[in-house]
Amino acid sequence: MTMPARKSYDCDLTDAEWALIRPLLPAHPPWGHDVTVSRREIVNAIFYVNKHGCTWRGLPHDFPKWQTVYGYYRQWTKAGVWERINDILRRTIRVAEGKQSEPTAGIVDSQSVKTTEKGGYMGTMPARRSTVANVIFW
């Protein structure tokens, strides 16, 4: 059964963008069934949630079911798919700009890194235990 064409959203992948990302996605779904949902539609739905800040349940109904989209997102996150896509696209862009594929330097300033006065773990307050939970009734 084919899905009827849906209206396009501002976060949908173009054909050129899909051509770059498609080979980087796992060929099979994260669980044991054959592919029944378009991976492109899954990515479009994930990008919709990211761009518009809606909940998974708030996905428009013309996308695949939110449970399916979320399932793919979680499995791809656990498998490191998003990191690999980001790394490969970053390298490709750097080379296209005439740079080395990997950066050779990084800059960190006080606006980028926030610390506490004491720094690290010791700078945080320990959680207090509730005394209400410790009361024993006779």
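One numbering rule holds for all chains: residues counted from 1, following each sequence as written. Predicted model: local features are reported for residues with pLDDT of at least 70 only, side-chain atom pairs are reported and counted for 80 or more only, and whole-chain, interface and lining totals are derived from all residues. Computation of side-chain values: all heavy atoms of the structure, hydrogens and water removed.

## With respect to the overall build of the chain
Only DSSP runs of H or I with at least four residues qualify as helices, and only runs of E with at least two residues qualify as strands; both kinds are numbered from the N terminus onward. Of the regular secondary structure elements, the chain holds four helices and zero strands. In sequence order, the secondary structure elements of the chain are arranged as α-α-α-α. The contacts in the chain between residues at least 6 apart in sequence include a share of 55% that link residues at least 24 apart. Only carbon and sulfur atoms are counted for the fraction: they give 56% of the accessible area of the chain, which is about 11,300 Å². Working rule for contacts: check all heavy atoms of both residues, and any pair within 4.5 Å makes them a contact. Only the protein chains shown count as covering a residue, and every accessible area follows the Shrake-Rupley method with a 1.4 Å probe.

## Brief notes about the packing of helix H2 (residues 39-52) against helix H3 (residues 66-78)
Running from N to C, H2 and H3 point in directions that differ by 90 degrees, and their axes come no closer than 9 Å. Taken together, the axis directions place H2 and H3 in an arrangement best described as roughly perpendicular. On H3, the residues that touch Ile42, Val43, Ala45 and Ile46 of H2 are Thr68, Val69, Tyr72, Tyr73 and Trp76. In the scheme used here, Gly and all other residues not listed as nonpolar or charged are polar, with Ala, Val, Leu, Ile, Met, Phe, Trp, Tyr, Cys and Pro taken as nonpolar and Asp, Glu, Lys and Arg as charged. Grouping the amino acids of the contact of H2 with H3 by side-chain chemistry returns eight nonpolar, one polar and no charged. Lines fitted to C-alpha atoms define the axes, with helix axes restricted to the stretch in contact, and inter-axis angles between N-to-C directions lie between 0 and 180 degrees. Roughly parallel here means an angle under 35 degrees, roughly antiparallel means over 145, roughly perpendicular means 65 to 115, and every remaining angle is called oblique.

## Details of the nonpolar core
Within the largest apolar cluster, 20 residues are counted, with the highest numbers of intra-cluster contacts made by Leu25, Leu59, Val69 and Trp76. Contributing elements (two or more residues each) for this core: helix H1 (15-21), H2, H3 and helix H4 (81-96). When residues in this core are grouped by element, the largest group, six residues, is from H2. Apart from the residues within four sequence positions on either side, Val69 is in contact with Ile42, Ala45, Ile46, Trp56, Leu59 and Pro64. We define a nonpolar core as any set of buried Ala, Val, Leu, Ile, Met, Phe, Trp, Tyr and Cys residues linked to one another through side-chain atoms lying within 4.5 Å. The rule is simple: take the accessible area with a 1.4 Å probe, protein chains only, and divide by the maximum for that residue type; under 20% is buried, over 50% is exposed, in between is partly exposed.

## Points about H4
Since the α-helix turns once every 3.6 residues, residues separated by three or four places project in the same direction. To estimate the expected span of a helix, count its residues, drop one, and scale the result by 1.5 Å. End to end, H4 covers 22 Å across 16 residues, agreeing with the expected 22 Å (1.5 Å per residue, within 8%). Of the positions making up H4, those classed as buried are Val81, Ile85 and Arg94. Contact partners of the buried residues in H4: H1 and H3. Positive backbone phi, at 80 degrees, marks Gly98, one or two positions downstream of H4.

## Topic: the pattern of salt bridges
Salt bridge, as applied in this entry: a Lys or Arg side-chain nitrogen positioned within 4 Å of an Asp or Glu carboxyl oxygen. Tallying each qualifying case throughout the model produces eight salt bridges. Notably, a salt bridge pairs Asp15 with Arg40, separated by 2.9 Å at the nearest N-O pair. Placement of Asp15 in helix H1 and of Arg40 in helix H2 is noted, with a sequence separation of 25 residues between them. Of the charged contacts in the structure, one is a salt bridge between Arg90 and Glu102, with a shortest N-O distance of 3.3 Å. On the criterion of sequence distance, the pair formed by Arg90 in helix H4 and Glu102 in the segment after H4 is long-range, its members being 12 residues apart. By sharing partners, the salt bridges in this structure join Asp87, Arg90, Arg91 and Glu102 into a single network.

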